[in-house]
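Now for the letters of each chain:
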Amino acid sequence: MFSSVDDVSARLAETGYLASPAVATTVFLADRLGKPLLVEGPAGVGKTELAKAVAQVADARLVRLQCYEGVDESRALYEWNHAKQLLRISAGRDESWDEARTDIFSEEFLLPRPLLTAIRGDDPKVLLIDETDKADVEVEGLLLEVLSDFQVTVPELGTVTATRRPFVVLTSNASRELSEALRRRCLFLHIGFPEEELERRIVRLKVPGLSEALTESVVRVIGALRAMDLRKVPSVAETIDWARTLLALGADTLDETVVRDSLGVILKHQDDIQKAAAKLDLDAL
Amino acid sequence: MTTPAGVPERLTGLVGALRAHGVRVGTGETVDAARAVEALGLADRELLREGLAATLLHGTGHRTVFDPVFDLYFPRGIGAPGTGAADREELRDRLAEALAADDRALMARLAAEAVDGLGGYGSSPDSDGWSAYQTLDRLRPQTLLARVRTGVRERNGGGGPEFADRLLDDEIRRRIEAFRAMVGSEARRRVAERRDRDMLARRAVRPTADRVDFLFAGRDQLAELRRAAQPLARKLATRLAARRRRAARGTIDLRRTLRGSLSTGGVPMRPVLRRRRPVRPELVLLCDVSGSVSGFSDFTMLLVQALHDQFSKVRVFAFVNRIDEVTALLDHGTADPEGLSARIGAEATLTGWHGSSDYGVALGEFAERYGDAVGPRTTVFVLGDARTNQSDPNLPAVRRIAERARRVYWLNPEQRSQWGTGDSAAPAYAELVEMHECRTARQLSGLVGRLLPV
Ligand SMILES: Nc1ncnc2c1ncn2[C@@H]1O[C@H](COP(=O)(O)OP(=O)(O)OP(=O)(O)O)[C@@H](O)[C@H]1O
Ligand SMILES: [Mg+2]
C-alpha cells in the first residue's frame, strides 16, 4: 500500500491528517507486516481520525465496530434476522420443516455485523474497532479469534475466510487494560500530545484563517496547560476548537480578557478553570 | 547509522536487556522486530526506534526503559564529537543560544561536546569513564534561565509584551530538563563504547517506576507512580473479584440440595452451594506520612482509595507524632493526587511539639480516640518504617488494636536487612503483627492482591 514512511506521511497529509514520525512509521509497518494496529492514547489525539485517514488513502471502505459496555457477538459478528425468518416460516405453511430450515438459514436472512463484513468480499477495507477498552472482556476473545485467522464460522452456513485481509486499527483509551494475548497480536502505537511544531501545523491546516502569531500563542498556552495537574488536560480537539473560537471572536492577539472569556472552550471542569486561571495569572474569574 | 554490521546481535542484545528489565518479549515479537528493521532500513535512526518500539512493546509503561536501552544498542554515532576541547564558558554561551532557539538538534550536539569536555574522569583504563552528573555539575545549565529568557525576548524583536510570555520561564525549564536527559544518554553511550554494553544496559538504565524503591524514588518517579495508582487499582479489583468468586463458591449445602431433589424423585440432580454472606470487609489504614516514607504512604493511600468500592468501609488515618483521620481528604483527593500530601499537611493535625515521627504516641492516640474504628470485620494496615526516633514503641497499644481487629498487617518500605538497625522498632512490632517488606510498587501490588480481605 505504501512505498516508504515518507509516502505514508505525505499521503495522510493529503487527507488532512498530519502524522508524527512515530505514527507514520507504525502505519507503514502495520501494512508491511500485515498486523493489526493497536492505538492507545488520551481522548482527542486523533486515534479514530487516523483510521479514517488510512481508509481514505487506501481508497478502502471503512468498516467500524464501535465498542461499548454490553456489545456482543450479535452486534459485532452477525445475527439472524428473526423477524424476517418468522415471516418466511408463516408464509410457506405447507412445506416441511427441513425445507423451511435450509431456506431461513441462508444468506438472505443473515445480518452481517462489522467483523463479518470486514472479512467478506474482495474490496479493500479498513476495519476500525473503536474504543476497544469499553467492551467487556469476553468480546476480546472474539476479536482474538477473528484477528488470528481472519475467518468466521457461521454454523448454519459454514466458514467465511477473508480472501483479502482488512487493514485493522483498534483504539483504546486504556480505561481497562486489554489482555496480553490481544496486545501480542498487534503492533502497538501510543499517540500522545503532539510536539509544538506538529500542533502548529495541525492548527494551520484546520483553522487556516488564524494569524501566525496567534497560532503560536495558542499552542504555547495549550502546552502550559498540559504541564499543569488538571483533571482533564486539553487535547488536540480542544486546541482546534479554541483556535476556531478565537478566529470567530476576531481576536488578533491573546490577552487576559480573551483567554479568560474562552477558557471554558479548552477546560471542561470548573476547578480546572480556576486552577489554570491562577497559574496563568489571570485576575480572579 | 555508522555500523550496519551486527544488526542481529544488536537486536538480540536489545531484547535481552528489555527482558532483564521485566519487559515480556516473545520470539514472535523478535521476529517482527527483525522484519521491521528490514522494512525500514538503518538510514533513519528515529524511524528505527519507533519501529522497534511498535513491534517489541505492548504498552506505554515500558517506553521509559526502551528508549535508553535503544540508545545503547543503536547509538547515534561512535567516538567523541570531534571538536576541540570544550571551554566551559564558551559552551554555556552556545547552550544559552540553543535553548533560546529551542534547537533540539543543536542541543544534542552540545550535550555530546559537554560530556566529552567536562564529563571525563579517571586516567587508568579500568577506572575511567564519563559522568553525566559531573558534566551537569560543571556546566550548570539550570543557571542559564535568565540569560535564555533575555535571548528569547531579543529574538522576538522586543515587540510589546505577549500574553504567552508569562509561560516562558516554565518553557525554558522544560527545555533545560530535555537537555539534561540528553547529557544522561550521551554519557551512557560513551561508557558503553568502553564497557560491556549488556552489563550497562542492565545496570545504568533506570528501572521502571514500579521497581524503584519508594524510599529512593525521585520526584518524577513518584509522580509517575501516583498516576499509575488508578490503572493498578483496576487490575487489582479484577484480582480481588476473582478471589471473591472463588471464596463464594463455597461448600455444598446438603439440606438444601436434598430439598431441591424432591422434584427429581429424590435424586440430587443439582447441588446447592452454601452462600457466603455477601458482607464486604472493612479496612483501616494507619499511615506514617513523615518525610522519609511519605512517597510510600501517599501511593498506598491513593491505591486503597481507588479500591474503596471493594469494601463496605474504608477509613484512613495519618500520623507523624499525632494521628488524625484523613478519609474525607482522600475522597476528594482522587482528582488531584499530586496535591494529596499538601492537603493532608494543611488540614490534619499530625504533629504536636516536634516534627519527627513517634509511633508510640501516634498508635496510642489511635487506640484511645478511634478504638471504635476497629471491629471483628476490620482488617488494619499499618504503613511505615517503624523508626521511632528513640522513643517508646508502645507495644501495648498495638496489642490492643490487634486484639480487636480481624487481621493486622504492617507494610514496611525498608529493606528487611535494615529492620532493627538504629532506631527501628520493626522486630518488636513484627512479633505482634504480621510485617511485610514492601519496597516497590510491584511488591505492594502483589501484597495488596494477596492480603486484602475479600
Ligand atoms: N494529527 C492530526 N492531524 C489532523 N487532525 C488531527 C490530528 N490529531 C487530532 N486531530 C483532530 O482532533 C480531533 C479529535 O480526533 P479523534 O476524534 O480522532 O480523537 P480520538 O483520539 O479518537 O479521541 P477519543 O479517544 O475521544 O475517541 C479530530 O477532529 C481530528 O481532526
Ligand atoms: Mg475516537
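Residues numbered from 1 in each chain as written. Chains lettered and ligands numbered in written order. Predicted model: local features only at pLDDT ≥ 70, side-chain atom pairs only at ≥ 80, totals over all residues. Heavy atoms only, no water.

Caption draft 1: Here's a closer look at the overall build of chain B. When helices and strands are tallied, chain B shows 19 helices and eight strands. Expressed as a percentage of its 454 residues, the buried residues of chain B come to 50%. Within chain B, residue pairs in contact and separated by at least 24 positions form 74% of the contacts whose partners lie at least 6 positions apart. About 21,900 Å² of surface is accessible on chain B, with carbon and sulfur atoms providing 51% of the total. (Helix = DSSP H or I, 4+ residues; strand = E, 2+ residues; numbered from the N terminus. Buried < 20%, exposed > 50% of the residue type's maximum accessible area, 1.4 Å probe, protein only. Contact = heavy atoms within 4.5 Å. Areas by Shrake-Rupley, 256 points an atom, 1.4 Å probe, with all protein chains shown as cover.)

Caption draft 2: Molecular detail of the sheet that holds strand 9 (residues 187-190) of chain A. Residues and elements named next belong to chain A. The strand order across the open sheet built from five strands is 2-5-8-1-9, with neighbouring strands paired in parallel fashion. This sheet does not close on itself; its edge strands, each paired only once, are strand 2 (61-66) and strand 9. Within this sheet the neighbouring strands show an average axis-to-axis angle of 20 degrees, counted without direction. Where strand 1 (residues 37-40) lies against strand 9, four bridges are found, and the strand directions are parallel. Residue pairing in the sheet places Val39 in a bridge with Leu189 of strand 9. (Pairing = 2+ DSSP bridges. Axes fitted to C-alpha atoms, helices over the stretch in contact; angles between N-to-C directions.)

Caption draft 3: Representation of the confidence of the model for chain B within the structure. Taken as a whole, chain B shows an average pLDDT of 82; of its residues, 83% reach a score of 70 or greater. The ipTM value of the predicted complex is 0.89, and its pTM value is 0.70. (pLDDT = per-residue confidence, 0-100.)

Caption draft 4: Structural view of the interface of chain B and chain A. Between chain B and chain A, the residue contacts involve 31 residues of the former and 38 residues of the latter. Buried area between chain B and chain A, summed over both chains or domains, comes out near 2,900 Å², and the portion from carbon and sulfur atoms is 57%. The largest contributions to the chain B side of the interface with chain A come from His58, Phe163 and Arg166 of chain B, which together make up 22% of the buried area. Where chain B packs against chain A, one counts four salt bridges. Across the pair Glu256 of chain A and Arg166 of chain B runs a salt bridge, and its minimum N-O distance is 3.1 Å. Viewed at the interface, chain A and chain B are joined by eight residue pairs in polar contact (both at pLDDT 80 or more). Among the secondary structure elements, those contributing two or more residues to the side of chain B that touches chain A are helix 2 (27-40), helix 3 (45-56), helix 9 (168-194) and helix 11 (219-249) of chain B. Per-element accounting of the side of chain B that touches chain A gives the leading share, six residues, to helix 2 of chain B. (Buried area = accessible area lost by both parts, 1.4 Å probe. Salt bridge = Lys/Arg side-chain N within 4 Å of Asp/Glu carboxyl O. Polar contact = N/O pair within 3.5 Å; in protein donor to acceptor, adjacent residues only side chain to side chain.)

Caption draft 5: Main features of the packing of aromatic side chains. If you walk through the whole model with that rule in mind, you get 14 aromatic pairs over all chains. Through pairs of rings, three or more aromatic residues link up here, namely Phe319, Tyr359, Trp410 and Tyr429 of chain B. Above the face of the Phe109 of chain A ring, Lys84 of chain A is positioned so that its terminal group lies 5.5 Å from the ring centre. Sitting over the face of the ring of Trp130 of chain B, Arg190 of chain B holds its NZ or CZ atom 4.0 Å from the ring centroid. (Phe/Tyr/Trp six-rings, centres within 6.5 Å; stacked < 30°, edge-to-face > 60°. Lys NZ or Arg CZ within 6 Å of the ring centre and 35° of its normal.)

Caption draft 6: Up close: the nonpolar core. Ranked by internal contacts, the top residues of the largest apolar core, which has 47 residues, are Leu307, Phe381 and Leu411 of chain B. The element contributing the most residues to this core is helix 11 of chain B, with eight residues. When neighbours within four sequence positions are excluded, Leu307 of chain B is seen to be in contact with Ala233, Leu236, Ala237, Leu240, Val448 and Leu452 of chain B. With 36 residues, the next largest nonpolar core counts Ile266, Ile273 and Leu282 of chain A together with Leu167 of chain B among its residues. (Core = buried A, V, L, I, M, F, W, Y, C linked by side-chain atoms within 4.5 Å.)

Caption draft 7: Structural view of the side chain of Ser290 of chain B. Summarising the element assignment, Ser290 of chain B is placed in the loop between strand 3 (282-288) and helix 13 (294-306). With residues near it in sequence (within four places) discarded, Ser290 of chain B still touches Phe319, Val320 and Ser357 of chain B.

Caption draft 8: Structural detail: the site of ligand 1. Residues and elements named next belong to chain A. Of all residues adjacent to ligand 1, which total 17 residues, the nearest are Leu18, Gly44, Lys47, Thr48 and Glu49. One of the backbone nitrogen or oxygen atoms of Leu18 is found 2.6 Å away from a nitrogen atom of ligand 1. With respect to ligand 1, the side chain of Lys47 contributes an N or O atom lying 2.8 Å from an oxygen atom. Sorting the residues of the shell around ligand 1 by element identifies helix 3 (47-57), helix 10 (196-206) and helix 12 (236-249) as the ones contributing at least two each. Residue classes in the shell around ligand 1 are distributed as eight nonpolar, five polar and four charged. When residues of the shell around ligand 1 are sorted by domain, at least three fall in each of domain 1 (5-72 + 115-190) and domain 3 (196-279). (Near = heavy atom within 4 Å. Nonpolar A, V, L, I, M, F, W, Y, C, P; charged D, E, K, R; others polar. Domains from an automatic or database assignment.)

Caption draft 9: Structural context of the layout of surface pockets. All names here are of chain A. Considering only enclosed or pocket space, the second largest pocket measures out at about 300 Å³ in volume. Forming the walls of the second largest pocket are 17 residues, and the residues nearest its centre are Asp31, Lys125, Arg165, Pro166 and Phe167. Looking at the lining of the second largest pocket, the elements with two or more residues in it are helix 2 (21-33), strand 5 (125-130) and strand 8 (167-172). For the lining of the second largest pocket, the per-class residue count stands at 11 nonpolar, one polar and five charged. (1 Å grid on protein atoms, 1.4 Å probe; cavity = no way out; pocket = protein on both sides within 12 Å on 5 of 7 lines; lining within 4 Å. Points joined across faces, edges and corners; volume = space filled by probe spheres on them.)

Caption draft 10: Examining a negative patch on the surface more closely. All names here are of chain A. A contiguous patch of negative charge, built from Asp72, Glu73, Glu145 and Asp149, is present on the exposed surface. Among the secondary structure elements, Glu73 is positioned in helix 4 (residues 73-76). Overall, the relative accessible area of 47% leaves Glu73 in the partly exposed class. (Patch = residues over 30% accessible without salt bridge, like charges linked within 9 Å, V, L, I, M, F, W, Y side chains within 5 Å. Lys, Arg positive; Asp, Glu negative; His and termini not counted. Charge placed at Lys NZ, Arg CZ, Asp CG, Glu CD.)

Caption draft 11: Geometry of the sheet that holds strand 3 of chain B. Residues and elements named next belong to chain B. Strand order across the open sheet formed by six strands is 5-4-3-6-7-8, with mixed pairing between neighbours. Of all strands in the sheet, those bounded by a partner on one side alone are strand 5 (323-325) and strand 8 (434-437). Each strand of the sheet is rotated relative to its neighbour by a mean of 20 degrees, with strand direction disregarded. In the sheet, strand 3 pairs with strand 4 (residues 313-319) via seven bridges, with the strands oriented parallel. Bridge pairing in strand 4 links Glu282 to Lys313.

Caption draft 12: Structural context of the packing of helix 11 (residues 212-227) of chain A against helix 9 of chain B. Their axes nearest at 10 Å, the elements helix 11 of chain A and helix 9 of chain B cross at an angle of 70 degrees. Relative to helix 9 of chain B, the element helix 11 of chain A lies roughly perpendicular. Relative to helix 9 of chain B, the crossing made by helix 11 of chain A is left-handed. Of the residues in helix 9 of chain B, those touching helix 11 of chain A at Arg220, Gly223, Ala224 and Ala227 of chain A are Leu168, Glu171 and Arg174 of chain B. Residue composition of the contact of helix 11 of chain A with helix 9 of chain B, by class: three nonpolar, one polar and three charged. (Parallel < 35°, antiparallel > 145°, perpendicular 65-115°, else oblique. Left-handed = near helix turned anticlockwise from the far one by under 90°.)

Caption draft 13: Summary view of helix 7 (residues 132-139) of chain B. Residue and element names in this part refer to chain B. For helix 7, the full list of buried residues reads Gln134, Thr135, Leu136 and Leu139. Where helix 7 is buried, its residues touch helix 5 (88-101), helix 6 (104-118), strand 1 (120-121) and helix 9. Backbone nitrogen of Tyr133 and a side-chain oxygen of the N-cap are separated by 3.2 Å at the start of helix 7; the cap is Ser131. Following helix 7 by one or two positions, Arg140 adopts a phi angle in the positive range, close to 50 degrees.

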